[in-house]
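# Chains, contacts and geometry: an overview
In case you want the letters, here they are:
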Amino acid sequence: MVVTQCNISEGTENAPHPFALVEAMRSIGYTPPTALADLIDNGITAGAKNIKIRMSPPRTSTPSGFVVVEDDGNGMSPERLAEAMRWGGDGPDRPRRVDDLGRFGLGMKTASIALGRRLTVASRAAGEPLRILRWDLDHIAQAGWKMLDGPDAEAEPLMARSALFTEPTATGTIVIVTYLDRLAVRSSLPSHSERNEAALTAKIAEHLGMVFHRFIAEGLKIRLGASEISGWDPFKNAVLKDTEKLGGAVEVASYVLPHHSTVTTEEDSRMAGPSGWGAHQGFLVYRARRLIVPGGWLRLFSPAENCRLARIRIDLPNMLDDGWKLNVMKSSVVPPSWQLADLQRIGEATRRESMAMFNFRGERQAPTTGSDDSSVPNAFWMQVPSPDAVRFRINRAHAVVQTLKQSVRDPAVAEDFLRAFERMLPLQAILQDPKRTVNGAVDEPTPDELRGMAEFAKKAVKTLRAQGYATDAACRIVLCSEPFALYAEKIRPHLI
Ligand SMILES: Nc1ncnc2c1ncn2[C@@H]1O[C@H](COP(=O)(O)OP(=O)(O)OP(=O)(O)O)[C@@H](O)[C@H]1O
Ligand SMILES: [Mg+2]
C-alpha cells in the first residue's frame, strides 16, 4: 500500500454534531452502579477519605431528581476544573500516576450523562478559589461545546449543604447530576416505586462495596444516603494456593475457598457474593486495586458447580490498559493473546484445587457410626467400623433411600438391592487408580443428568412430605443432602 503524506490543512472538515455525539455517548452501556463507580474513581484518585452519595431518583415521567457525589479529596484549581470538563481530556495516552484510576478523560462526563441531562461540578483545591461549571445537554444541542458557569437552579440548593460551601478552606469536589431521565424508578403503584428505589439503592451499595473493597478495607468511607457502604472481599477466608508474576507486571494469586461444611450458613452466603457462586468463580481482575471484572473464566473455561471455590486474583497496573483492552466503563478487559497460555494453566490448576475441595465432602459423606440407623440423615454413605475392618453402608435414613423404598412395590427387594450394592462396591478398582477415580467422581453432571437429579429431588421432597414434614423443611433436608447439596442452586427452582 502506498501512503501519501498529506498537508496538515488538507481534507474536508466533517466534525460531529455535538448533540448527536453526546446523545450517543449516553448509551455506551453504563448502569447506575457502574456510572457511580466511575465518579468514585475520580474521588479516590484525588486522595479522598470520604465520599458521600445522595440520590433522589424521579418517581414521575418528568426528568427531575438528583444524584450528588461529593468527596473531600484534593479538588481542582479553576483552570484544572475547566480542563476536567473537556470531553476526552488529554486523551488516553497522557502519563498517569500508578494509582490513577482514570484513563480516558471521559468518565466524569459520560457517567453523569448516562444518568441525567445536566452535570454541575464544583471544586476547590488548597489555596484556590471555588469554581463551578456545568454541561447542559439541551444547551449543547443549541450552542455546541459551550459550558456554562455556575450551578443551575436545581443544583444550587444541593451544594449549599456541602462542606465546600460551609467551610471556606475545605478542598474537594461535588458532582451533581440533575434532570435524571435515565434513572426512573417509577411505577403505576406508589408502593412499587418505593420498592424499586430500595432495590436500586441495594444494588448500587452491593456493587460499590465489591468494586472498592480494598480501599474500604484501608479506611475509605463511602456513604450512600444515611448508610455507610461495607466492602465485600471475595477472598476473605480463602486459602492462598499459589502466586506468580506474568510478564514482570501482572500479579496473579490463586485461592480456594473453604468447603461449605466448614463454615456457617451466613458465611457461606457471604462468600457466594452479590451475584452468586456462578458469577464470582474464576478470574477477578483488579486494576490499580480497583475491581474491574468480578469473576468468570475470561472465555477460557465454562463455569462449573465444582469450580465455584476457585478464585484467582489478577492485579494489573494501569500501564497495561492498552494490552488488556480496558473499556471506558472499567467493567471489562480482554487478556492479551500472549498471556492466554499462562492464564489457562493457572485456571486449570486452581479448578483442580476447587474440585479437590469439593471431594472433601467425601469425608463428611461417610461419617463413622456405630449403628446402621443414622443420626446424620444428609450423609449418603456411612462407615461402620469393627475391630479389624471398616464397612461402607448406604444410609437408610437418607431421603433418596426412603424415596426409593417407597416407590417400589416390595421394599424388601429395595433392601436386598442396597445390600448387594454395598457388597459389590469395586473397592479394588478404586484403590488401584485413586486419583483418576476421584476425578471421575467429581465430573460435572450433564444437563440431562441435572434434570434427572432435579426430578429425583422433587420425588424425595414428596416422600418427606408424606412422612409429615412441612414443604419448607422437606426442601431444606433434600437440598442439604448429597448429591443434591452440590447442585442446590440449580435444583432449588424445580423443587415445588
Ligand atoms: N473528584 C475529583 N477530584 C479531583 N479531580 C477530579 C475529580 N473528578 C475529575 N477530576 C479531574 O478531571 C479529570 C477528568 O475526569 P474524568 O473522569 O472525566 O476522566 P479521567 O478520570 O481522566 O479518565 P476516565 O475517563 O478513565 O475516568 C481527571 O483526570 C481529574 O484530573
Ligand atoms: Mg475518571
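These figures come from a predicted structure and were not determined experimentally. (Residues numbered from 1 in each chain as written. Chains lettered and ligands numbered in written order. Predicted model: local features only at pLDDT ≥ 70, side-chain atom pairs only at ≥ 80, totals over all residues. Heavy atoms only, no water.)

### With respect to the overall build of the chain
Filter applied, for reference: Working definition: helices are DSSP H or I runs of at least four residues, strands are E runs of at least two. Numbering for both runs from the N terminus. For the radius of gyration, the atoms used are the C-alpha atoms, and the globule rule reads 2.2 Å times the number of residues raised to 0.38. Burial here depends on accessible area, computed with a 1.4 Å probe over protein chains only, as a share of the maximum for the residue type. Under 20% is buried, over 50% is exposed, and the range in between is partly exposed. Contact between two residues is taken to exist if any of their heavy atoms lie within 4.5 Å; hydrogens are not considered. The protein chains shown are the only cover counted for residues, whose accessible areas, like all others here, come from Shrake-Rupley with a 1.4 Å probe. By the counting scheme adopted, Arg and Lys are positive, Glu and Asp are negative, and His together with the chain ends is not counted. A single reference atom marks each charge: NZ on Lys, CZ on Arg, CG on Asp, CD on Glu.
Secondary structure assignment for the chain yields 20 helices and 15 strands. Against the 2.2 N^0.38 benchmark of 23 Å for 496 residues, the chain shows a C-alpha radius of gyration of 29 Å, more extended than a compact globule. Dimensions of the chain, computed from the C-alpha atoms along their principal axes, are close to 90 × 60 × 45 Å. Scored against the burial criterion, the 496 residues of the chain give a buried share of 46%. Within the chain, counting contacts between residues at least 6 apart in sequence, those at least 24 apart form 62% of the total. Of the roughly 25,700 Å² of accessible surface on the chain, 54% is carried by carbon and sulfur atoms. Distance between charge centroids for the chain: 3 Å, based on 61 positive and 59 negative side chains.

### Focus: the domain arrangement of the chain
Interface size is often expressed as the accessible area that is lost when the parts come together. Here is the rule we go by: The split of the chain into domains comes from an automatic or database domain assignment. When two components associate, each loses some accessible surface as probed by a 1.4 Å sphere; the sum of these losses over both components is called the buried area. Here, a salt bridge means any Lys or Arg side-chain nitrogen found within 4 Å of an Asp or Glu carboxyl oxygen.
Domain assignment breaks the chain into domain 1 (18-228), domain 2 (239-359) and domain 3 (365-494). The C-alpha centroid of domain 2 is placed 30 Å from the C-alpha centroid of domain 1. The interface is formed by 23 residues belonging to domain 1 together with 19 residues belonging to domain 2. Here domain 1 packs against domain 2, burying approximately 2,000 Å² in sum over the two surfaces, 53% of which is carbon and sulfur. Of all residues in domain 1, Arg 103, Met 210 and Arg 214 give up the largest surface area on contact with domain 2, accounting jointly for 32% of the area buried on that side. The interface formed by domain 1 and domain 2 contains 6 salt bridges.

### Looking at the site of ligand 1
For clarity, the cut-off: A molecule or strand has a residue near it when one of that residue's heavy atoms lies within 4 Å. The term polar contact refers here to a pair of N or O atoms within 3.5 Å; inside protein, the definition further demands a hydrogen-donor-capable atom paired with an acceptor-capable atom, and it admits residues adjacent in sequence only when both atoms are side-chain atoms. Residues are grouped as follows: nonpolar covers Ala, Val, Leu, Ile, Met, Phe, Trp, Tyr, Cys and Pro; charged covers Asp, Glu, Lys and Arg; every other residue, Gly included, is treated as polar.
Taken together, the neighbourhood of ligand 1 is formed by 20 residues, with Arg 103, Leu 106, Gly 107, Lys 109 and Lys 330 sitting nearest. At 2.8 Å from an oxygen atom of ligand 1 is found a side-chain nitrogen or oxygen belonging to Asn 42. Contact distances for ligand 1 include 2.9 Å between an oxygen atom and a side-chain N or O atom of Arg 96. Against a free-state accessible area of 590 Å², the protein chains account for coverage of 91% of ligand 1. Those elements that provide at least two residues to the shell around ligand 1 are α2 (32-45), α3 (78-84) and α4 (107-113). The residue inventory of the shell around ligand 1, partitioned by class, reads 6 nonpolar, 6 polar and 8 charged.

### Considering the packing of helix α14 (residues 399-407) against helix α18 (residues 447-466)
Selection criterion: Axes here refer to lines fitted to C-alpha atoms; in helices the fit is confined to the stretch in contact. Angles between the N-to-C directions go from 0 to 180 degrees. With respect to orientation, any angle under 35 degrees is reported as roughly parallel, any angle over 145 as roughly antiparallel, any angle of 65 to 115 as roughly perpendicular, and every other angle as oblique.
Two elements in contact, α14 and α18, have axes separated by 9 Å at closest approach and are oriented at 80°. As judged from the angle between their axes, α14 and α18 are roughly perpendicular. Two secondary-structure elements touch here, α14 through Ala 399, Val 400, Gln 402, Thr 403 and Gln 406 and α18 through Phe 456, Lys 459, Ala 460, Thr 463 and Leu 464. Partitioned by chemical class, the residues of the contact of α14 with α18 number 5 nonpolar, 4 polar and 1 charged.

### Points about the sheet that holds strand β13 (residues 310-316)
This is how the line gets drawn: Should DSSP find at least two bridges between two strands, the strands are regarded as paired.
In space, the 5 strands of this open sheet follow the order β9-β10-β13-β11-β12, with mixed pairing throughout. Each edge of the sheet is formed by a strand with only one pairing partner; in this case those strands are β9 (239-246) and β12 (290-294). Taking each pair of neighbouring strands and ignoring which way they run, the sheet shows an average axis angle of 20°. Summarising the sheet, strand β11 (residues 282-287) and β12 pair through 4 bridges and their orientation is antiparallel. Each residue of the ladder has a partner; that of Val 285, found in β12, is Val 293.

### Digging into the pattern of salt bridges
A side chain with one charge can pair with a side chain of the opposite charge if their charged atoms come near. All chains considered together, the criterion is met by 38 salt bridges. One salt bridge in this structure joins Glu 23 and Arg 117, with 3.0 Å as the shortest N-O distance. Remark: Arg 117 occurs in the loop between α4 and β3 (118-124) and Glu 23 occurs in helix α1 (residues 18-25); sequence separation between them is 94 residues. With a relative accessible area of 29%, Glu 23 lands in the partly exposed category. The exposure class assigned to Arg 117 is buried, which follows from its relative accessible area of 15%. Here Lys 490 makes a salt bridge to Glu 305, at a shortest N to O gap of 3.8 Å. One end of the pair, Lys 490, is in helix α20 (residues 488-491); the other, Glu 305, is in the loop between β12 and β13, with 185 residues separating them in the sequence. Under the relative-accessibility criterion, Lys 490 is labelled partly exposed at 39%. Counted as one network, the salt bridges with shared partners bring together Arg 393, Arg 396, Lys 405, Glu 415, Arg 419 and Glu 422.

### So, the packing of aromatic side chains
As a reminder, the rule being used: Pairing of aromatic rings covers Phe, Tyr and the six-membered ring of Trp, with a centre-to-centre limit of 6.5 Å; geometry is then stacked below 30 degrees between planes, edge-to-face above 60, and tilted otherwise. In our convention, an over-ring charge means Lys NZ or Arg CZ found within 6 Å of a ring centre and within 35 degrees of that ring's normal.
Throughout the structure, instances matching the rule amount to 10 aromatic pairs. Seen in terms of ring centroids, Phe 235 and Tyr 255 are 4.8 Å apart; in terms of plane orientation they differ by 50°. Their pairing is tilted. Here Phe 235, found in the loop between β8 (227-228) and β9, pairs with Tyr 255, found in strand β10 (residues 250-256); they are 20 residues apart in sequence, far enough to count as distant. Residue classification places Tyr 255 among the buried positions, given a relative accessible area of 12%. Relative to Phe 421, the ring of Phe 417 lies with its centre 5.9 Å away and its plane at 35°, an arrangement referred to as tilted. Of this pair, Phe 417 and Phe 421 both sit in helix α15 (residues 411-423), 4 residues apart, which is roughly one turn of that helix. Following the ring pairs from residue to residue traces out a cluster consisting of Phe 380, Trp 381, Phe 417 and Phe 421. Cation over ring: Arg 118 sits above Tyr 179, and NZ or CZ is 4.0 Å from the ring centre.

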